[in-house]
Amino acid sequence: QVQLVESGGGLVQAGGSLRLSCAASGRFLSSYTMGWFRQAPGKERDFVAAISWSGIDYEDSVKGRFTISRDNAKNTVLLQMNSLKPADTAVYYCAGGRVGVSRYAELYEYWGQGTQVTVSS
C-alpha cells in the first residue's frame, strides 16, 4: 500500500507563491508517475501537472507559473506555484500511479487527502 500526504497549502494574496509538497510512503516506487490535481467547489477534479521518467506535463493555465519536481531519494514531489490567481483557489491533491504522464485522474491508483489553497484578490 502507498500513502500520500500533502502539505503546504494556505491563504495567499494574488501574485503570491506557495509550494506544495507530497510525501510518499509505503510500497512506493520511484518509477511511479506523480501528478497534482485540483478541485474547486462545485467543480470536477482537474489536472494540474504530472511528472514521470518520460517527461513532464502541465495544464495550459498553469504553464510558466507552476513547476513540478520530484526528489526520489526522499520520495517527495513538489509543486511550486508562482503568480497565483484567485482562479487557482481549490483543494490540491497529489496522485501516484503506474502510468505514463497522464491527465486522467481515473488512471492514478493512489491519492492524498488534499490541501486547501486559497488565493485572495
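None of these values were measured; they are calculated from a predicted model.

### As for the environment of glutamate 6
Structurally, glutamate 6 can be placed in strand S1 (residues 2-7). Classification of glutamate 6 as buried rests on a relative accessible area of 5%. Spatially, the C-alpha atom of glutamate 6 lies 7.1 Å from that of glutamine 113, the residues being 107 residues apart in sequence. Sequence-distant contacts of glutamate 6, that is, excluding residues within four places in its chain, are made with Ser21, Cys22, Trp36, Tyr92, Tyr93, Cys94, Gly112, Gln113, Gly114 and Thr115. A distance of 2.8 Å separates a polar side-chain atom of glutamate 6 from the backbone nitrogen of cysteine 94. Here glutamine 113 takes part through its backbone nitrogen, which lies 3.0 Å from a polar atom of the side chain of glutamate 6.

### Structural notes on the environment of glycine 26
With respect to the helices and strands, glycine 26 occurs in strand S3 (residues 18-26). According to the relative accessible area criterion, glycine 26 is exposed, its value standing at 52%. Taking the C-alpha atoms as reference points, glycine 26 and glutamate 106, separated by 80 residues in sequence, lie 21 Å from one another. Residues within four places of glycine 26 in sequence aside, it is in contact with Gln1 and Gln3.

### A few points about the sheet that holds S3
Through backbone hydrogen bonds, the strands of a sheet pair up, either in parallel or in antiparallel fashion. Spatial strand order, S1-S3-S8-S7: 4 strands in an open sheet with antiparallel pairing. Taken across any chain shown, the strands that pair with only one partner, and hence form the sheet edges, are S1 and strand S7 (66-71). Taking each pair of neighbouring strands and ignoring which way they run, the sheet shows an average axis angle of 15 degrees. Bridge count for S1 against S3 is 6 bridges, and the pairing is antiparallel. Bridging across to S3, glutamine 3 finds its partner in serine 25.

### Here's the deal with the packing of aromatic side chains
All told, the structure shown has 5 aromatic pairs when counted by the stated rule. Summarising the aromatic geometry, the rings of tyrosine 108 and tryptophan 111 are spaced 6.3 Å apart at their centres and angled 65 degrees between planes, so their arrangement reads as edge-to-face. The structure contains a cluster of three or more aromatic residues connected by ring pairs, namely Phe37, Phe47, Tyr108 and Trp111. Positioned above the aromatic ring of tyrosine 93, the side-chain terminus of arginine 45 is 3.7 Å from the ring centre. We note arginine 45 situated over the ring of tryptophan 111; from NZ or CZ to the ring centre the distance is 4.8 Å.

What counts and how
- Residues numbered from 1 in each chain as written.
- Predicted model: local features only at pLDDT ≥ 70, side-chain atom pairs only at ≥ 80, totals over all residues.
- Heavy atoms only, no water.
- Helix = DSSP H or I, 4+ residues; strand = E, 2+ residues; numbered from the N terminus.
- Buried < 20%, exposed > 50% of the residue type's maximum accessible area, 1.4 Å probe, protein only.
- Contact = heavy atoms within 4.5 Å.
- Polar contact = N/O pair within 3.5 Å; in protein donor to acceptor, adjacent residues only side chain to side chain.
- Pairing = 2+ DSSP bridges.
- Axes fitted to C-alpha atoms, helices over the stretch in contact; angles between N-to-C directions.
- Phe/Tyr/Trp six-rings, centres within 6.5 Å; stacked < 30°, edge-to-face > 60°.
- Lys NZ or Arg CZ within 6 Å of the ring centre and 35° of its normal.

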